[in-house]
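Coordinate analysis (summary)
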Amino acid sequence: TLRQDYPVIGGGNLDVQSAGGDPVLLLTRSSATACAIVAINYGGQARVVTAATAFPGAAFSGVLGAVDAPVANGAGDVSIAAPARTAVVYHYAQ
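Here goes a summary of the coordinates provided. All figures in this text were calculated on a predicted structure; none of them were measured in a lab.

In terms of residue burial, strand β3 (residues 34-41) counts as a mostly covered element, since seven of its eight residues are buried. Sheet topology note: the strand β2 (residues 24-30)/β3 ladder contains seven bridges and is antiparallel. Note that in β3 the partner of L25 across the bridge is I40. The turn joining β2 and β3, which pair antiparallel and follow one another in sequence, is formed by three residues. By the bridge criterion, eight bridges tie β3 to strand β7 (residues 86-93) in an arrangement that is antiparallel. Bridging across to β7, A36 finds its partner in H91.

This part covers the sheet that holds strand β1 (residues 13-16). Pairing within the open sheet is antiparallel, and its five strands lie in the order β1-β2-β3-β7-β5. The open sheet has two edge strands with one neighbour each: β1 and β5 (61-64). Direction aside, the axes of adjacent strands within the sheet are offset by 25° on average. Inspection of the sheet shows β5 paired to β7 by three bridges, in the antiparallel sense. Residue pairing for β7: L64 is matched across the bridge by V89.

Calculation rules
Positions within a chain are numbered from 1, following the residues in the order the chain's sequence is written. Given that the model is predicted, a residue must reach a pLDDT of at least 70 before its local features are reported, and side-chain atom pairs must reach 80 or more before they are shown or counted; all residues, however, enter totals for whole chains, interfaces and linings. The side-chain values count all of the structure's non-hydrogen atoms but skip hydrogen atoms and water molecules. Only protein chains enter the accessibility calculation, which uses a 1.4 Å probe; a residue is then buried when its area is under 20% of its type maximum, exposed when over 50%, and partly exposed in between. Where helices and strands are cited, they refer to DSSP runs of H or I of at least four residues and of E of at least two residues respectively, numbered from the N terminus. For two strands to be treated as a pair, DSSP must find no fewer than two bridges joining them. Simply put, an axis is a line fit to the C-alpha atoms, just over the touching stretch for a helix, and the angle between two N-to-C directions goes from 0 to 180 degrees.

Note that every value here comes from positions in space, so none of it alone points to a role or purpose.
And the structure:
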C-alpha cells in the first residue's frame, strides 16, 4: 500500500493547503527528510494546483495517478496537474 511504501503519508506532519469549497483537496505530509503531496480533484475539470513544501529544488515522483516528475521552485512550491475526478500522489525523499 502507499502508506507502507511511503511512510511519510501515514505519519508525517499534515498540512491541509486547500480551503473549504475548493474543487481540489490539497494536502502535504512531511518529515525532516520526506514529503508527500496529495491532491484529490472533486471537480469535472482538470486543475493545476500549487503545494507549498519545505524542499526547494526537490524532484517529486508520481506514485499514484501521476506520471510526471515536477520540481519544486526555489521557495519549495510545486505545481501539479490534478485530472478531473481523480486523486494524485507525489513523493520526495532525501
